[in-house]
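Summary of structural features
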Amino acid sequence: MDHLDRLEAQSIFILREAYKKFGKLGMLWSIGKDSTVLLWLAKKAFFGHCPFPFIHVDTAYKIPEMIEFRDQIAKQYNIELIVHSNEEALQAGMGPDKGRLVCCRALKTDGLQQVVTKYEFEGLILGIRRDEEGSRSKERVFSERNKDSEWDYTNQPPELWNQFKTDFPKGNHIRVHPILHWNEIDIWSYIAREKIPLVDLYFAKNGKRYRSLGCAPCTGQIDSNATTVAEIIEELKNTKQGERAGRAQDQEDSYAMQKLRKDGYM
């Protein structure tokens, strides 16, 4: 069993453990590489049929190619997909011009909370990684949120020797993070091994590509000539730039993501 086999086996164990322990589950799908790998793992974990719906919180500002890819893959894989937008905020004119953190809170955090409330989800499965961003490094594999989706990052159970706490009070919801232990190169190496289809925004055109995907007004490209997965892996081995350096909302405040995640951000 090699490194990728071990990562895959642990992620599949976590997915099956979540399905066994919790009631109504949903999986967030941002259309990026991490959550698309997670979708692939979920199909493997449950022998090709995912027993829970996928959720896309659509801010209405996503890059158009992402939406085309979402609809194409949802149809190809025959998955149950919930697409939800915070229509009230959009109709009131919410957008990045109101402040990026204000916009993220309204269109992503509040939008997600609306989905949790509407569908009465007991647990949400997300494709975040510890190496991706500082506040995510503080996460647990099974992470509790209160009834308002708030996260108390100062009070979390230890997960020593992969012993996970899965008993939580009723009324709260649980965030499950099956690829928390992967890093960015692991993700790309697994994409190469499994030949997982991705939106082509990750691959360089005219010397530019996206390394992290989000809303169009707040997501920048990096300088790159990597047009294949192998070239991206080689590029990552030699970069000193953070993965989310192109995400404008992270630059708004030194603790921007921690503040957003404390209030329920994904």
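Predicted model, so just to flag it, every value in this text is computed and none were measured. (Residues numbered from 1 in each chain as written. Predicted model: local features only at pLDDT ≥ 70, side-chain atom pairs only at ≥ 80, totals over all residues. Heavy atoms only, no water.)

A closer look at the pairing of strand β1 (residues 25-28)
Neither face of β1 is open: one carries L25 and M27, the other G26 and L28, and all of them are buried. Of the strand pairs in this sheet, β1 and strand β4 (residues 123-125) are connected by 3 bridges, and their pairing is parallel. Considered in β4, the bridge of M27 is made with I125. Judged from the 2 bridges that link them, β1 and strand β2 (residues 54-57) form a sheet pairing that is parallel. Counterpart to M27 in the pairing with β2 is F54. For the crossover from β1 across helix α2 (residues 33-45) to β2, the handedness is right-handed. (Buried < 20%, exposed > 50% of the residue type's maximum accessible area, 1.4 Å probe, protein only. Helix = DSSP H or I, 4+ residues; strand = E, 2+ residues; numbered from the N terminus. Pairing = 2+ DSSP bridges. Right-handed = clockwise from strand over helix to strand, strands pointing away.)

Some remarks on the UniProt feature "domain: Phosphoadenosine phosphosulphate reductase" (unreviewed entry) in the chain
Following the UniProt record, the feature "domain: Phosphoadenosine phosphosulphate reductase" (unreviewed entry) maps to residues 26-220 here. With 32% helix and 12% strand, residues 26-220 has its two end C-alpha atoms placed 29 Å apart. (UniProt positions renumbered as here; feature names shortened; annotations may be inferred.)

Considerations on the environment of R105
If you trace the backbone, R105 turns up in helix α5 (residues 100-119). The exposure class assigned to R105 is partly exposed, which follows from its relative accessible area of 28%. For the pair R105 and Y265, spaced 160 residues apart in sequence, the C-alpha to C-alpha distance is 7.2 Å. Apart from residues no more than four positions distant in its own chain, R105 is found in contact with D110, K259, L260 and D263. (Contact = heavy atoms within 4.5 Å.)

Things to note about the sheet that holds strand β6 (residues 173-176)
One open sheet accounts for 6 strands, arranged β3-β2-β1-β4-β6-β5; its pairing is mixed. At either margin of the open sheet sits one strand with a lone partner, and together these are β3 (81-84) and β5 (142-145). This sheet shows a mean twist of 30° between the axes of neighbouring strands, independent of strand direction. Bridging between β5 and β6 involves 4 bridges; their strand directions are antiparallel. Bridging across to β6, F142 finds its partner in V176. Packing of α5 onto the sheet brings it into contact with β1, β2, β3, β4 and β6, and relative to β2 it is tilted by some 145°. (Axes fitted to C-alpha atoms, helices over the stretch in contact; angles between N-to-C directions.)

What to know about the environment of N238
The residue N238 is located in the loop between α7 (229-237) and α8 (256-262) in this model. Within polar-contact distance, the side chain of N238 engages the backbone oxygen of E234 at 2.8 Å. (Polar contact = N/O pair within 3.5 Å; in protein donor to acceptor, adjacent residues only side chain to side chain.)

Considering the pattern of salt bridges
Counted under the stated rule, the structure contains 18 salt bridges. As a salt-bridge pair, D34 and K33 come within 3.5 Å of each other at their nearest N and O atoms. Judged by relative accessible area, K33 falls into the buried class, the value being 2%. K44 is the salt-bridge partner of E194, the closest N and O atoms lying 2.9 Å from each other. (Salt bridge = Lys/Arg side-chain N within 4 Å of Asp/Glu carboxyl O.)

Considerations on the nonpolar core
Ranked by internal contacts, the top residues of the largest apolar core, which has 74 residues, are L15, F142 and W188. Considering each element in turn, this core owes the most residues, 7 residues, to α2. Core analysis: the next-biggest nonpolar cluster, separate from the first, contains 5 residues, A89, M94, C103 and A106 among them. (Core = buried A, V, L, I, M, F, W, Y, C linked by side-chain atoms within 4.5 Å.)

A few points about the packing of aromatic side chains
The final tally for this structure, using the stated rule, is 9 aromatic pairs. Judged by centre distance (6.0 Å) and plane angle (45°), the ring pair of F22 and F142 falls under tilted. Note that F22 is positioned in the loop between α1 (3-21) and β1 and F142 in strand β5, a separation of 120 residues in sequence. Of the two residues, F22 and F142, both sit in the buried class. Judged by centre distance (5.7 Å) and plane angle (90°), the ring pair of F46 and F52 falls under edge-to-face. Like F46, the residue F52 is buried in the burial classification. Cluster of aromatic residues (ring-pair linked, three or more members): Y19, F46, F52 and F54. Positioned above the aromatic ring of F121 is the side chain of K24, whose terminal nitrogen or guanidinium carbon lies 5.6 Å from the ring centre. Geometry around Y77 places K43 over its ring, the cationic atom sitting 4.7 Å from the centre. (Phe/Tyr/Trp six-rings, centres within 6.5 Å; stacked < 30°, edge-to-face > 60°. Lys NZ or Arg CZ within 6 Å of the ring centre and 35° of its normal.)

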